[in-house]
Amino acid sequence: GKALDLGKFHSAKELEALGMDRLKSALMALGMKCGGTAGDRAGRLFQVKGVAADKIPAKLLAGKGKKRKREGGEAGANGAGGEGGNGTEEALAKTEARLAFLAEQMADVVDATKRYVEKRQTQLVEERDAEIEEEESGALAAMDADGEEEEEEEEDDDGPLYNPLNL
């Protein structure tokens, strides 16, 4: 970003008038955090007016203050963080292995779904209607077959009830 001469400004409100993009550019040039509203950005810039670049407070600098957990792997590689990053890396590796296994198991289903969708997209309306009729008639035939079986079971129930206590 482009550096900004802060000596020309007497308040954060004057800086805020520059707009979000210009403030962000000035903050980036100084290596400072550049998020937030225009007021937040202008306030951060005004705080460092007259301060040397190497004397800017760490809490205002981007990435220099708190370390995020995801950046813990870098600290572990330097030897400063110890073994802290290995637990998350191991958990991530296990999760990746599970996902790879599930993807392998579901590959047939995904392929079948793709084929079905492609088939449906290339069918004419008449072909779809005919397919639906076939499915419905097949379902009705299956329901009729189930109904016949139920009738046979009901015929068996016509005999005397089992009642050992004569109630």
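Residues numbered from 1 in each chain as written. Predicted model: local features only at pLDDT ≥ 70, side-chain atom pairs only at ≥ 80, totals over all residues. Heavy atoms only, no water.

**Focus: the overall build of the protein chain**
Our working rule: A run of DSSP states H or I qualifies as a helix once it reaches four residues; a run of E qualifies as a strand once it reaches two. Both are numbered from the N-terminal end. Think of it in three bands: residues with accessible area under 20% of the maximum for their type are buried, residues over 50% are exposed, and the middle band is partly exposed, with areas taken using a 1.4 Å probe on protein chains only. The criterion used for residue contact is that any of the two residues' heavy atoms lie within 4.5 Å.
Scanning the protein chain from terminus to terminus reveals 6 helices and 0 strands. In the protein chain, the succession of helices and strands from N to C terminus is α-α-α-α-α-α. Across the 167 residues in the protein chain, those meeting the buried criterion constitute 12%. Taking contacts inside the protein chain between residues at least 6 apart in sequence as the whole, the part at least 24 apart equals 38%.

**Focus on a negative patch on the surface**
For the record, the criterion: Nonpolar side chains (Val, Leu, Ile, Met, Phe, Trp, Tyr) are joined into patches within 5 Å and like charges within 9 Å, using only residues with over 30% relative accessible area and no salt bridge. Only the protein chains shown count as cover for residues, with accessible areas throughout obtained via the Shrake-Rupley method and a probe of 1.4 Å. What counts as a salt bridge is simple: a side-chain nitrogen of Lys or Arg found within 4 Å of a carboxyl oxygen of Asp or Glu. Working convention for charge: Lys and Arg count positive, Asp and Glu count negative, and His plus the chain ends are omitted. Note on charges: their place is set at NZ of Lys, CZ of Arg, CG of Asp or CD of Glu.
Among the surface-exposed residues, Glu-126, Glu-127, Asp-129, Glu-133, Glu-134, Glu-135 and Glu-136 lie close enough to one another that they form a single negatively charged patch. Within the secondary structure layout, Glu-127 lies in helix H6 (residues 125-156). With relative accessibility at 40%, the residue Glu-127 sits in the partly exposed group.

**What about a nonpolar patch on the surface?**
On the surface, Leu-99, Phe-101 and Leu-102 cluster together into a nonpolar patch covering about 320 Å² of accessible area. Topologically, Phe-101 is positioned in helix H5 (residues 84-122).

**Digging into the nonpolar core**
Heads up, the condition is: The criterion is simple. A nonpolar core is a set of buried Ala, Val, Leu, Ile, Met, Phe, Trp, Tyr and Cys residues joined through side-chain atoms within 4.5 Å.
Counting residues in each nonpolar core, the largest one holds 14 residues, and the members touching the most others are Leu-15, Leu-23, Met-32, Leu-45, Val-48 and Ile-56. Sorting the residues of this core by element identifies helix H2 (20-29) and helix H3 (38-47) as the ones contributing at least two each. Those residues in contact with Met-32 that sit more than four places away from it in its chain are Leu-27, Arg-44, Val-48, Ile-56, Leu-60, Leu-61 and Ala-62.

**A look at the side chain of Arg-41**
Note on placement: Arg-41 falls in helix H3. One buried charge, Arg-41, has no salt-bridge partner; the nearest side chain with opposite charge is Asp-21, at 5.4 Å. Arg-41 has contacts with Met-20, Asp-21, Leu-23, Lys-24, Leu-27, Cys-34, Gly-35 and Gly-36, leaving out every residue within four places of it along the chain.

**Overview of H3**
For the α-helix, the turn length of 3.6 residues means that residues three or four positions removed from each other point alike. Which entries qualify depends on this criterion: This arc is built from the directions going out from the helix axis to the C-beta atoms.
Those residues of H3 not exposed but buried are Ala-38, Arg-41, Ala-42, Arg-44 and Leu-45. The arc that holds the buried residues of H3, viewed along the axis, is 160 degrees, so those residues lie on one side. Looking at the packing, one finds that the buried side of H3 touches helix H1 (12-16) and H2.

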